[in-house]
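# Residue-level structural notes
Spelled out from the first residue to the last, the chains are:
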Amino acid sequence: MQPLQFPPRLLMGPGPINCYPSVLQAMSTQLVGQYDPTMTSYMDEVMALYRQVFHTQNQQTFLIDGTSRAGIEASLVSVLEPGDRVLVPIFGRFGHLLTEIAERADAEVHTIEVPWGEVFDPQQIEEAIKRVQPKVLAIVQGDTSTTMLQPLNDIGGICRAHDVLLYTDATASIGGNPFDMDAWQIDAVSVGLQKCLGGPSGSAPVSYNDRFVAAVRKRHHVEAGIRDAHHTESVGSRIRSNYFDLGMIMDYWGEERLNHHTEAATMLFGSRQCAVELLREGQDAVIARHQLAGNAMLKGIQAMGLKPYGDLSNKMSNVVGVTIPDNVDGEKVRHDMLNIFNIEIGTSFGPLKGKVWRIGTMGYNARQDAVLHTLQSLETVLRGQGFALPNGEGVDTAMAVYSSAKESASAQKASL
């Protein structure tokens, strides 16, 4: 058997993306025992780092071992008892995912929808909350299927006013777009590493405030094999998943260190380094870098005569949807981009399948050379299909966006 060998792909789709080299290096660190003081000290450090990432003071901030979907499932299955009402506003594929997971928890699920490419007005959500009176509002912040970013800054206050718990999946948006958990009054959040955080899929950072934790703790359970005399049974129904039982996972990450699973140490090392990279560069600087790369990609796409998809006023900074022209074979373009230029771009799902390309600028790949290389390669492939477009305008326009940003930064620095 030969060692693993992959082509040198530039991952410019909606995720996953190429990892920061320092993250890959961190993940090659040798293991220690899961209760080794060095290991538990790094677990505590990871909790502290992700409090900064989420802008929260929540004690219960830690990792779920699994992909971003594991974080979603742990959050919903642990807070929703059979029959609980949950409201899911759907504006893309991942709202449907939240709906399915809540249904599998035997919740009474209510949904509201807007056309793909749009987002919700807070009033729409409040009206639905008044009508449904849910225990939980579950909503996606950024949905890569549509490239839309749902504003959340007013939703938390609405939920508090109606005594509703607010959970959000911010996997696609965290790191590249603003997220302020405490200021926005968000009760629960889960994310993944494989987008703007610049890591691999496989670990799900989460954070829960006291309101959410209290709802989960009503269902607190300790396994018989590790139960001590001071442990008491829950007053609520037992959480149906053992692996995703947040009460037990909180006991594992807490001072008692009750055994629940063997921590995925390699993923913890990678998760830690993702947070370190974000905080070392500075969250505002990273968001600005994503905004610049995303804007350069968008302007370049438009200069090529291609039409962006959706309401651009609510677009995520880190991914742009591109409407595939009628006379272009969208899958052949993706095939040639991958097999000729080693660049991956994405298609979409559901009603957008085969109608939209999704081009990401995330994490390590939110940089000028990646943007320019992608635009130049896309132009070459499109020209090969006979699509008429201005020669070099995409790259030239993107370069102008970067040049303008550098001039503005230099002028601002000179004025200080």
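Residues numbered from 1 in each chain as written. Predicted model: local features only at pLDDT ≥ 70, side-chain atom pairs only at ≥ 80, totals over all residues. Heavy atoms only, no water.

What counts, and what does not: UniProt positions are given in the numbering used here, feature names are shortened, and annotations may be inferred rather than shown by experiment.
The name given to the protein chain in an unreviewed UniProt entry is Alanine--glyoxylate aminotransferase family protein, with Marinomonas ostreistagni as the source organism. Among the UniProt annotations of the protein chain, the heading Sequence similarities (unreviewed entry) holds the following wording: "Belongs to the class-V pyridoxal-phosphate-dependent aminotransferase family." The UniProt entry for the protein chain carries the following text under Cofactor (unreviewed entry): "pyridoxal 5'-phosphate".

## Here we look at the sheet that holds strand β14 (residues 356-360)
We apply this condition: We call two strands paired when DSSP finds no fewer than two bridges between them. Here a helix means four or more residues in a row that DSSP labels H or I, a strand means two or more in a row labelled E, and each is numbered from the N terminus.
In spatial order, the strands read β11-β12-β14; together these 3 strands make up an open sheet with antiparallel pairing. Two strands close off the open sheet at either side, each with one partner strand: β11 (307-308) and β14.

## Points about unusual backbone geometry
Put simply, the rule reads: Under the scheme applied here, a residue whose accessible area is under 20% of the maximum for its type counts as buried, over 50% as exposed, and between as partly exposed, the area being computed with a 1.4 Å probe on protein chains only.
Following G15, the chain continues to P16 via a peptide bond in cis, the omega torsion being 5 degrees. Relative to the assigned elements, P16 resides in the loop between β1 (10-11) and α1 (21-26). A positive phi angle, near 70 degrees, is found at T147, a position not held by glycine. Counting through the fold element by element, T147 comes out in the loop between β6 (142-143) and β7 (148-149). Although it is not a glycine, D163 adopts a positive phi angle of roughly 55 degrees. Its location among the elements puts D163 in the loop between α6 (155-161) and β8 (165-169). For D163, a relative accessible area of 61% translates into the label exposed.

## Describing the UniProt feature "domain: Aminotransferase class V" (unreviewed entry) in the protein chain
Per the UniProt entry, the sites bearing "domain: Aminotransferase class V" (unreviewed entry) are residues 37-203 in this numbering. End C-alpha to end C-alpha, residues 37-203 measures 22 Å, and it is 36% helix and 22% strand.

## Here's the deal with the packing of helix α10 (residues 283-303) against helix α12 (residues 368-384)
Stated formally: Every axis in this analysis is a line fitted to C-alpha atoms, fitted for helices over the stretch in contact. Angles between the N-to-C directions lie between 0 and 180 degrees. Orientation labels follow simple angle bins: below 35 degrees gives roughly parallel, above 145 gives roughly antiparallel, 65 to 115 gives roughly perpendicular, and whatever is left gives oblique. Should the near helix be turned counterclockwise from the far one by less than a right angle, the crossing is left-handed, whereas a clockwise turn marks it as right-handed. Should any heavy atoms of two residues lie within 4.5 Å, those residues are counted as being in contact. Throughout this entry, Asp, Glu, Lys and Arg are counted as charged residues, while Ala, Val, Leu, Ile, Met, Phe, Trp, Tyr, Cys and Pro are counted as nonpolar. The remaining residues, Gly among them, count as polar.
Where α10 meets α12, the axes come as close as 10 Å, and the angle between the chain directions of the two elements is 20 degrees. In this view, α10 runs roughly parallel relative to α12, as classed from their interaxial angle. The handedness of the crossing between α10 and α12 is right-handed. From α10, A293, A296, M297, G300 and I301 reach across to α12, where they touch V371, T374, L375 and L378. Counted by class, the contact of α10 with α12 contains 7 nonpolar, 2 polar and no charged residues.

## What to know about the environment of V88
Along the chain, the position of V88 falls in strand β3 (residues 85-90). Classification of V88 as buried rests on a relative accessible area of 0%. Sequence separation between V88 and D187 is 99 residues, and the spatial gap between their C-alpha atoms is 15 Å. When neighbours within four sequence positions are excluded, V88 is seen to be in contact with G95, L98, T99, V109, H110, T111, I112 and A138.

## A word on the packing of aromatic side chains
What counts is decided by this rule: Two rings from Phe, Tyr or Trp (for Trp, the six-membered ring) form a pair when their centres are within 6.5 Å of each other. A pair whose planes differ by under 30 degrees is stacked, one over 60 is edge-to-face, and the rest are tilted. Only Lys NZ and Arg CZ are tested; either one counts as a charge over a ring when it is within 6 Å of the ring centre and within 35 degrees of the ring normal.
Taken as a whole, this structure holds 11 aromatic pairs when the rule is applied. Between F54 and F179, the aromatic rings sit 6.2 Å apart at their centres with planes inclined by 65 degrees, giving edge-to-face as the arrangement. With a gap of 125 residues between them, F54 in helix α2 (residues 37-54) and F179 in the loop between β8 and β9 (188-190) connect regions that are remote in the sequence. Exposure class is identical for F54 and F179. Each is buried. Plain terms: the ring middles of F179 and W184 are 5.8 Å apart, the flat faces sit at 70 degrees to each other, and that makes the pair edge-to-face. Across the pair, W184 and F179 agree in class, each one buried. Of the aromatic side chains, those joined through ring pairs into one cluster are Y50, F54, F179 and W184. Directly above the ring of F349 sits R93, whose terminal nitrogen or CZ lies 4.5 Å from the centroid.

## Considerations on the nonpolar core
We apply this condition: Side-chain atoms within 4.5 Å are what join buried Ala, Val, Leu, Ile, Met, Phe, Trp, Tyr and Cys residues into a set we call a nonpolar core.
Counting 89 residues, the largest nonpolar core has Y50, F62, I64, L80, F179, L246 and W253 as the members making the most contacts within it. Sequence-distant contacts of L80, defined by excluding residues within four places in its chain, comprise V86, A102, A105, A107, V136 and R219.

## A few points about helix α5 (residues 122-132)
Worth spelling out the cut-off: This arc corresponds to the set of directions leading from the helix axis out to the C-beta atoms. Counting of polar contacts relies on pairs of N or O atoms within 3.5 Å, with two restrictions inside protein: one atom must be capable of donating a hydrogen and the other of accepting it, and residues adjacent in sequence are counted only when both atoms are side-chain atoms.
When α5 is considered as a whole, its buried residues turn out to be I125, A128, I129 and V132. Looking straight down α5, one finds its buried side chains confined to an arc of 105 degrees; they lie on one side. Opposite the packed face of α5, turned more than 90 degrees from it, sit the exposed residues Q123, K130 and R131. Capping the start of α5 is the job of one residue whose side-chain oxygen sits 2.8 Å from the backbone nitrogen of Q123: D121. Q133, located one to two residues past α5, shows a positive phi value of around 55 degrees.

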